[in-house]
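Listed below are the residues making up each chain.
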Amino acid sequence: MEIDVENCNPSANGVISKEIGEINLAYMLLAQKLVKQDRAEAMFRLGVGRELADLLANMSLSQIVKLAASNFLLCSFRLDDRPMFAVVGEGKEPALQQAHMSILMAARQAQSQAASASQMREPGAAAA
């Protein structure tokens, strides 16, 4: 059995936790700034719903700092399926890539909203 010595180093884990906290803080501050500037656009860009956008907009700096201090990464990548990777492929015009990415993200958001609406109509369906 092989032990990963690098992951057992407490000081390395401390550095990684600190770096995650810094990323979380930068992400949360940017997300709040986006929501305060243009809520609808922020919801689209961040991939969040109305409830989370309202929550972000109303958080105090101390709440953001406290939440960011978690050692769990709060932001997530949305390049989690083949169509998204295909859009950012090589040899494509940047403007065309951005248009395709916007279309895919809008479709994903519409699908998510439709799924949420479906679950609200059928409360027992989510538990099944």
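- The protein carries the name Flagellar transcriptional regulator FlhD in an unreviewed UniProt entry, which gives Variovorax paradoxus as its organism.
- According to the UniProt record, the Subcellular location (unreviewed entry) comment for the protein reads "Cytoplasm".
- UniProt, in its Subunit (unreviewed entry) section for the protein, records the words "Homodimer; disulfide-linked. Forms a heterohexamer composed of two FlhC and four FlhD subunits. Each FlhC binds a FlhD dimer, forming a heterotrimer, and a hexamer assembles by dimerization of two heterotrimers."

1. Topic: the pattern of salt bridges
For step 1, the next point in the chain: Enumeration according to the criterion identifies two salt bridges in this entry.
For step 2, the next point in the chain: Among the salt bridges present, the one from E41 reaches R45, with a minimum N-O distance of 3.1 Å. A residue pair is termed a helical-turn pair when its members lie 3 or 4 positions apart in one helix, as E41 and R45 do in helix α3 (residues 39-46) at four residues.
For step 3, the next point in the chain: Residue classification places R45 among the partly exposed positions, given a relative accessible area of 47%.

2. Overview of the packing of α3 against helix α7 (residues 94-121)
For step 1, the next point in the chain: Packing of α3 against α7 leaves a shortest axis separation of 9 Å and a crossing angle of 95 degrees. In terms of axis orientation, α3 runs roughly perpendicular to α7. Residues M43, F44 and R45 of α3 pack against S102, M105, A106 and Q109 of α7.
For step 2, the next point in the chain: Grouping the constituent residues of the contact of α3 with α7 by class yields four nonpolar, two polar and one charged.

Procedures and definitions
- Residues numbered from 1 in each chain as written.
- Predicted model: local features only at pLDDT ≥ 70, side-chain atom pairs only at ≥ 80, totals over all residues.
- Heavy atoms only, no water.
- UniProt positions renumbered as here; feature names shortened; annotations may be inferred.
- Salt bridge = Lys/Arg side-chain N within 4 Å of Asp/Glu carboxyl O.
- Helix = DSSP H or I, 4+ residues; strand = E, 2+ residues; numbered from the N terminus.
- Buried < 20%, exposed > 50% of the residue type's maximum accessible area, 1.4 Å probe, protein only.
- Axes fitted to C-alpha atoms, helices over the stretch in contact; angles between N-to-C directions.
- Parallel < 35°, antiparallel > 145°, perpendicular 65-115°, else oblique.
- Contact = heavy atoms within 4.5 Å.
- Nonpolar A, V, L, I, M, F, W, Y, C, P; charged D, E, K, R; others polar.

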